[in-house]
Structures are given as C-alpha cells and as structure tokens.
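A look at the structure
Now for the letters of each chain:
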Amino acid sequence: MSKNKNYPKNHIFLILIILLGTIVRFFTYTQVFEQGRIVFLETDPYYHMWRVSSYINTFPSTFIFDPYINYPYGYLGWPPLFDQMIALISIIAGFGRPSVHLLELVGASVPVVLGIFSIVAVYYIAKEIFNERIALYSSLLLAVMPAHFQISSLGFTDHHIAEVLLSVLAYLFFIKSLKNSSHRLAIISGIIIGISFLTWSGAPIFIGLLLSYAVIQFIVDRRSDNDSKYLLMTGTISFLTALLVISVFYIWTPWLRTISAIALSYFQLIYVAVSAISILLLGLIARIMRHQKWYFYPLVITALIISFLLFLSLVSPSFYVNLSESVGYLLTDTPVLKQIIEAQPLFYTFDGKFLGWELFSNPVWYSFTFSFYAAIIGLIWLIYSYRKGVNKGGLFFIIWTLIILVLALMQRRFTYTLAVNVAILSGFLIDKIKSFSIKPYYIVLILILFIPNIAVAYSISQSPPKPSDDWYDSLTWLKENTPDTGQYGIMTWWDYGNWILYISKRPVVANNFQIGGDEAARFFLAANETQANAIMDARKARYVVVDRRIGLNKYIQDNQLVLKGTFIAVASFAGNDISMYLDKYNLPNENYFQTMYARMHVFDGNGLKNYRIIYESNETYYNLFDKPTKNIKIFEYVKGAKITGVTSPGTVVSLSGIIITNQEREFGYIQKTTADNKGYFEFMVPYAGNSLYKTRLLKGYELRYNNLSRSVNISENDVLNGSTIVVS
C-alpha cells in the first residue's frame, strides 16, 4: 500500500532529476556552439565524427580498416555501431541528405540523450537491487557527478557513455532474469551484451564480469546446497543470444577473418561462445558434485580454469595472446599507455608521486568529489550488512563494484564506469544514515555530496579540452589550401591527429590511437634533415604541423622557473631520456636546439633545405629566448631548388633571404657552406618569390662570397621540381 502511494511522487522526483541532469549536461553549450560552428570536446569525438561523416554516403556500409590513420599503412578502427547510430539519426532527420551542421548537431546531442537514459537506467537497477529511495538518491548524484557529466555532456561525442548505458541495462535485465527465472529477460540482456560488443572493443569486460559473478554465485549455491538452475538458464541464454546478435551483424558489416581483440573478428565470436560453454560446464559440474563437500567445487573450478588457459595457449596461441594482451591493457602493462594521462593509476603518477593527499586537486576529486569516500564507506557497510547472507542482486553488485574499482585504481579512464557504482553506494549510505538518525543528518550528507559535484561539473564545463580558435583556424586553412587527394600524410604529434582528420580531412601519420607515434617522435627528435626526410619519405608525408606545446616552454611555478611541454613524452616515445636534451641547470641544451622540432618551431625552419613554413597562426607567445613567435606553424616538405656555383677553393659562401609570413611577420633565412677543393659549392633552398602561399621569399636570395654579392631568383616550379640553378 505504501509503495503504491509513493509511486507517483517518486516518479515526479525522477522527472525532476532528469530535468536537472539535462540542464547540467548543457553546461558546455557556450563551449560547443561558438562563432557559427559546432566545436566538439577533447579529441576522440573528432575521430567518431570523421567516421560518421564517412558513413553518410555509404550507409549502412562501414569500414573496419581506415587508410587515413597511421598513413600510409592504415589501421583498424573501433566497432562501428555507435557511429552508425549517429549517421542513421542524421540521415532520418535530414530526409536522406543531412547537412554538415545537422550532422554535427546530432553528434553533439547524442551523448546528452544517452546520459539521461543512463541516469534512468541507474534508477531502475538501484531499485531492483535495493529500494526506491536508494534509486532516487543514486540517480540524483549521478546526474551531477563530474565523471559521468564529462562523458555525457553536450559535445563529448564518444562511445564511453554508450558503454555505461549498455552495461547498466545488460546487468539490470540479467539480475531481473536471475530473480524471476525469465527467458525473455535473459534474451534482452543478451541482445544488449551483443550490441555492446559492436559498440566498444572493451566489451568483453562485461561478460568477464558476469562470468566472475557466475563462478562465485555457483560456489555460494553449492555451499548453501541451493539449486543453480536459474543461473545456468540466465547465463546460457544471455551469452548465446549475444553470440547470435554478433553473428547476424557480421553478415553485413566488414570484420577480420583473423583473431584480434581490438577489432571485430573471430575473437569476439570465440570469446562469447567459450563464455556460454563455461556457464554450461559450471552448472554441469555443480550438479555432478551436488553430493560432494561444497569446498571441492571451487578447487575443481580453479584447476579447470588453469588447465583451460594452458590448453588455450597450445591450441590457439593467437587467441591466448590477444586475451593476455587485453588483460595487460587493462592493467597498464603496455609501454604506450604509460605516456597517456588517463591510463595512469588513480592515486599515482607513473613517476611514483602519490596524489592522495592532494584532496582538492587529484583525479578522484575531479571525478567524484566527496562521493568516492562516501562510496567506500557505503561499500564496507554493505558488505557488513550481508555478513549473514547475501541475495543475488547484492552479490552481483559487490562483485561488479570491486572489479570496476580495481580497473579504475589501475587506470583513471575507468572512473566514468565507476561513477555508477559510486552513485549507488553513496545513495545506499544516505539511506542507511536516514534509517536510524534524525532528519537533518542525511540532508546534510546529501548537500555535502551534491554541491561539490555540481560545482566541479560546472567548473570543468567552462574550460574543457578542445581545439582552440587558433587550432581551428589553422586546420581550416590546411583543408582549404592543400590538395585534397588523400595521397599524402600530415606529420604531427599524435595529440592532434583526430582534429586534423575531421577538420582538415587529411590523412595523418599519427593520431590519438598512438599508432605512428613512435615515428612522429623520431621525426621531431631527428638531429638532421637526412634522418627526418627518410621518415617523411617512408610515411609519404608532405606537410608538418607543429605548435608550442610539443616543445619545452618556460613557466613560473612556486616562484621558480620550470620547463613543461609534450617534448618530455616525445622523447620517452622515441626511447630517449629527457636528460639528453637538458644541461646541468635543467635548461634546453644544444641537443634540443638541433632537433627538427626546435629548428622548425623555435627557429622558423631557418637553414632547412627541404622544409618551408607556409602558414603560421594568429596567436602570439614568447619562446625560450623571450622573443615573440606564433603558436602553430605548418611546413611543407619540398624537393627544393639547388643553387650551384664555382669560386675559389675553401671560400666561405653564404646565402640569405627575408621570409614574410601570412601574418606579415618577417624573419631571416640563412645558409652557409664552404667551396670544395675545386671551388664548387651548392645550396638547397625551399622558398620561392612567387610562392603559392602568402608566406614566401620577400625578394630574391642573396649570395655572398669573395666580398661579392649577387641576387638569385628562384621560382615555385624550381622548388617543387627540384631544379638546379647554376650561378655563373
């Protein structure tokens, strides 16, 4: 009776929470809609939108191999369903021919919609496991929790929010099926699991979590001598349904006929099939051993798991390697991940610095604020409350929480997944305090958890990572002023690869998958043009994009001068220690200034033979020498014109010119050489007076030798074709 009476009121509260969650997710509105364009947040959304725009004209056809990344070799992309969904909605909304603006509007809005659905899903799973009060508290906190807000805010078009929604829905229907022994609910859970495999390459985690629960639940049932038929039925039907969904999808979408965990392949089919068989075996062994002592069951299961892994390593080494590498990826056991901030441990940096004492500035605070600590208390309280026995939903939730907590502790990127558990555990704590204390205490706790969360979410929304106006203008220029052939690549640091893909529509050597990042690092660290040219030729790259952030820059921190910049990661990527580029005072040394990065960005490419600056951005800053320069610079890799001549042997010959950029900034271009024993000298130069670009040689080059001076004019064709100009 009481439940029915509160039913309308609780749903009014849920509607209000949904409204609040929607408002919060629009905090980024002014960051996304600016200057007549839609700007997506961070970097991965740009790769999603690159794929969405590529799917529009070929829908429902997709591609699994993307030739525009890791150019010219290409690389495997993500599972396509998330991007296909955005493309389909855009096609329907645009009556078959969506405009770019409509496409971007749909792409920017989808995470908000999925975020709201996930808040509702958390309400229902918390209600299923606990009660309606905890469900309301949980959904309220999730609506404002920064970790969840960041992946579901307007403009953050990434599959992370789809992961959260699909996992919660799959678990919800799985739990309901366990409780009700419902085939229909098990099928729904399986359909959602199958969809998750087509959305995110990390979806095997979902089944791994369900298998972990199943093993423990079978053991609990054996110990209490309960029949596990319900678990056998739900697990088998769910996993077989997921297998069927994936198989049907494979009929019409490209997939690899090999075993690969990072792309759709035989791996997903085998993994789900083995999981279904595992459930059957767990149930069968439980029935066979029903008259044995219960503790023999976990011993037998442990022995079988070890035997299976040994058997797998012998029979299918490729599947075993992919499986072990996937586990290594989750445990940050790969060198590449150590260069990525979001792959660092939650409380530590990779250099061992503990962040736990930095209460208001560590990753935990920016993800959960005080809710994380409330959730830990709630988890301990929950486990204690089950000391005399645990129900199916409660056991599942504890296992789910512990696994996701471990993942988040190992890699910060999983905080968005942990947000669901943190919200539910915080709601559980609030409800427990309310149940045996006076009213003000639980209200105060709600405020302590709610206010910092929404405040941090708002703070994050006002300065989200995204391409600045300077970057957007530069990449738009690149798109409009370079050939659109797809027959060459752009060399840049991998941080900017996805932006170039979508904004400039050009292939990139390295993007945010970090593939190609090793060669990008070697290029920027190259000590001479010969090394750099070999990399550019191998990668068929024609343009180079650099900015100040790639290098080392001076900052004042705690009244001391410090150097910061991506260059530290660049060196590490190439296997070099940063100390190679610093003197005894920890300032850049000659090795640093000889790198291709420094010669391009710090010295404007002065003296380079095959690289010419063709564009620089508007934003000005002061470099290491306290001289004003521009933030972003684009270089073109050219054959260069050869200037040759003859003079007295051993004569020092100099060549100089004045370069004027598109920003009307002038700088000197200088080369020097010494004539050989026959008096022969030559220069290779990249600039021409009649350049295709606004950045050009202001006048002719000036040659100086033997107290003589003469002007040499070089044409654009000379530079592009590698012509030789003989000075008589």
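Look up: the structure comes first, before these words.
Source: prediction; values computed, not measured. Every chain is numbered on its own, with residues counted from 1 as its sequence reads. Under the rules for a predicted model, residues below a pLDDT of 70 receive no local features and side-chain atom pairs below 80 are neither given nor counted, while totals for whole chains, interfaces and linings still include all residues. For side-chain calculations, the full set of non-hydrogen atoms in the structure is used, while hydrogens and water are omitted.

1. Quick notes on the overall build of the protein chain
The way it works is that DSSP assigns letters per residue, a run of H or I at least four long becomes a helix, a run of E at least two long becomes a strand, and they are numbered from the N terminus. Within the protein chain, the secondary structure is distributed over 27 helices and 20 strands. Projected onto its principal axes, the C-alpha coordinates of the protein chain cover approximately 105 × 60 × 60 Å. Within the span of the protein chain, comprising 728 residues, buried residues form 57% of the whole. What makes two residues a contact is simply this: any of their non-hydrogen atoms within 4.5 Å. Considering only residue pairs separated by 6 or more positions, the protein chain has 70% of its internal contacts joining residues 24 or more positions apart. For the protein chain, the exposed surface amounts to about 31,500 Å²; the carbon and sulfur share of it is 61%. Averaging the positions of the 58 positive and the 46 negative side-chain charges in the protein chain gives two centres separated by 9 Å. Think of it in three bands: with a 1.4 Å probe and only protein chains considered, a residue is buried below 20% of the maximum accessible area for its type, exposed above 50%, and partly exposed in between. Areas reported here follow the Shrake-Rupley algorithm with a probe of radius 1.4 Å; residue values treat only the protein chains shown as occluding. Counted as positive: Lys and Arg. Counted as negative: Asp and Glu, with His and the chain ends omitted from the count. Every charge is mapped onto a representative atom, which is NZ of Lys, CZ of Arg, CG of Asp or CD of Glu.

2. Topic: the sheet that holds strand β16 (residues 680–685)
In short, DSSP must find at least two bridges between two strands for them to pair. Read across the sheet, 3 strands follow the order β16-β13-β20 without closing on themselves; strand pairing throughout is mixed. Bordering the open sheet on either side are β16 and β20 (724–727), each of which pairs with just one other strand. With strand direction ignored, the average angle separating the axes of adjacent strands in the sheet is 20°. As judged from the 6 bridges shared by strand β13 (residues 641–646) and β16, these two strands associate in the antiparallel manner. Paired with T644 across the strands is E682, a residue of β16. The angle between two axes is taken between their N-to-C directions and runs from 0 to 180 degrees, where each axis is a line fitted to C-alpha atoms and a helix contributes only its stretch in contact.

3. What about a nonpolar patch on the surface?
A grouping of I305, F308, L309, F311, L314, V315, Y320 and V321 is seen on the molecular surface, where their side chains present a nonpolar patch of about 740 Å² in accessible area. Among the elements of the structure, α13 (296–315) and α14 (317–330) are those that each provide at least two residues to the nonpolar patch. A per-element tally of the nonpolar patch places α13 first, with 6 residues. Of note, L314 is situated in helix α13. Owing to a relative accessible area of 71%, L314 belongs among the exposed residues under this scheme. Exposure above 30% relative accessible area and the absence of a salt bridge qualify a residue for a patch, where like charges join within 9 Å and nonpolar side chains (Val, Leu, Ile, Met, Phe, Trp, Tyr) within 5 Å. A pair is scored as a salt bridge if a Lys or Arg side-chain nitrogen falls within 4 Å of a carboxyl oxygen belonging to Asp or Glu.

4. Overview of the sheet that holds strand β12 (residues 632–637)
Strand order in the open sheet made by the 4 strands is β5-β6-β12-β9, with mixed pairing throughout. Two strands lie at the open edges of the sheet, namely β5 (489–491) and β9 (611–616), each paired on one side alone. In this sheet, adjacent strand axes meet at a mean angle of 30° when their direction is disregarded. In the sheet, β5 pairs with strand β6 (residues 541–547) via 3 bridges, with the strands oriented parallel. Bridge pairing links M491 to V544 in β6. Sitting on the sheet, helix α20 (residues 469–481) is in contact with β5, β6, β9 and β12, with an inclination near 20° to β12. Lying over the sheet, helix α22 (residues 517–525) contacts β5, β6 and β9, oriented at roughly 75° with respect to β6.

5. Regarding the packing of aromatic side chains
Each pair of aromatic rings taken from Phe, Tyr and Trp, with Trp reduced to its six-membered ring, is defined by centres within 6.5 Å and is described as stacked if the planes are under 30 degrees apart, edge-to-face if over 60, and tilted in the remaining cases. Tallying each qualifying case throughout the model produces 59 aromatic pairs. Ring centres 5.0 Å apart and planes at 70° place the aromatic pair Y47 and F513 in the edge-to-face group. One end of the pair, Y47, is in helix α3 (residues 44–55); the other, F513, is in the loop between α21 (497–504) and α22, with 466 residues separating them in the sequence. With a relative accessible area of 14%, F513 lands in the buried category. Relative to W499, the ring of W471 has its centre 5.6 Å away and its plane inclined at 65°; by these criteria the two rings are edge-to-face. Here W471, found in helix α20, pairs with W499, found in helix α21; they are 28 residues apart in sequence, far enough to count as distant. The two residues W471 and W499 agree in class, both being buried. An aromatic cluster is present here, built from F130, Y171, F174, W200, F206, Y213, F396, F397, W400 and F428 joined pairwise through their rings. Above the plane of the ring of Y384 lies R387, whose end atom (NZ or CZ) is 4.1 Å from the centre. Placement of a positive charge over a ring is assigned whenever Lys NZ or Arg CZ falls within 6 Å of the ring centre and within 35 degrees of the normal to the ring plane.

6. Comments concerning the pattern of salt bridges
By the definition in use, this model includes 21 salt bridges. The salt bridge involving K179 is made with E128; its shortest N-O contact spans 3.6 Å. Residue K179 is located in helix α8 (residues 160–180), and its partner E128 is located in helix α5 (residues 100–129); the two are separated by 51 residues in the primary sequence. A relative accessible area of 37% places K179 in the partly exposed class. Here R665 makes a salt bridge to E616, at a shortest N to O gap of 2.6 Å. Here E616 lies in strand β9 and R665 lies in the loop between β14 (652–660) and β15 (666–674), a separation of 49 residues in the sequence. Through salt bridges with shared partners, one network takes in R542, R612, E636 and E716.

7. Thoughts on the nonpolar core
Judged by nonpolar contacts, the single largest core of 228 residues is most densely connected at F523 and Y611. Of all the elements, α5 adds the most residues to this core, at 15 residues. Leaving out residues up to four positions away in the same chain, F523 has contacts with M491, A532, I535, M536, V544, M596, M600 and Y611. Residues enter a nonpolar core if they are buried and are Ala, Val, Leu, Ile, Met, Phe, Trp, Tyr or Cys, with the set joined through side-chain atoms within 4.5 Å.

8. Regarding the pairing of β20
Because side chains alternate across β20, one face comprises the buried residues I725 and V727, and the other comprises T724 and V726, none of which is buried. Here 4 bridges tie β13 to β20, and the two strands are oriented parallel to one another. Paired with T644 across the two strands is V726, which belongs to β20.

9. Regarding the side chain of K633
Along the chain, K633 falls in strand β12. Using a relative accessible area of 0% as the deciding quantity, one classes K633 as buried. At 2.7 Å, the side chain of K633 forms a polar contact with the backbone oxygen of H601. When near neighbours in sequence (up to four residues on either side) are disregarded, K633 contacts V544, V545, V546, M600, H601, D604, I613, Y615, E616 and R665. Contacts described as polar in this section are N or O atom pairs within 3.5 Å, which, within protein, must combine one atom able to donate a hydrogen with one able to accept it, while residues neighboring in sequence count only if both atoms come from side chains.

10. Let's talk about the packing of α8 against helix α10 (residues 204–223)
Axis separation between α8 and α10 bottoms out at 11 Å; the angle between their running directions is 30°. Considered as vectors, α8 and α10 are oriented roughly parallel to each other. Considering only the axes of α8 and α10, their crossing is right-handed. Along its contact with α8, which presents E163, S167, Y171, F174 and L178, the element α10 presents F206, L209, L210 and Y213. Each angle is binned into one of four classes, with values under 35 degrees roughly parallel, values over 145 roughly antiparallel, values of 65 to 115 roughly perpendicular, and all other values oblique. It is the rotation of the near helix from the far one that decides the hand of a crossing: anticlockwise by less than a right angle makes it left-handed, clockwise makes it right-handed.

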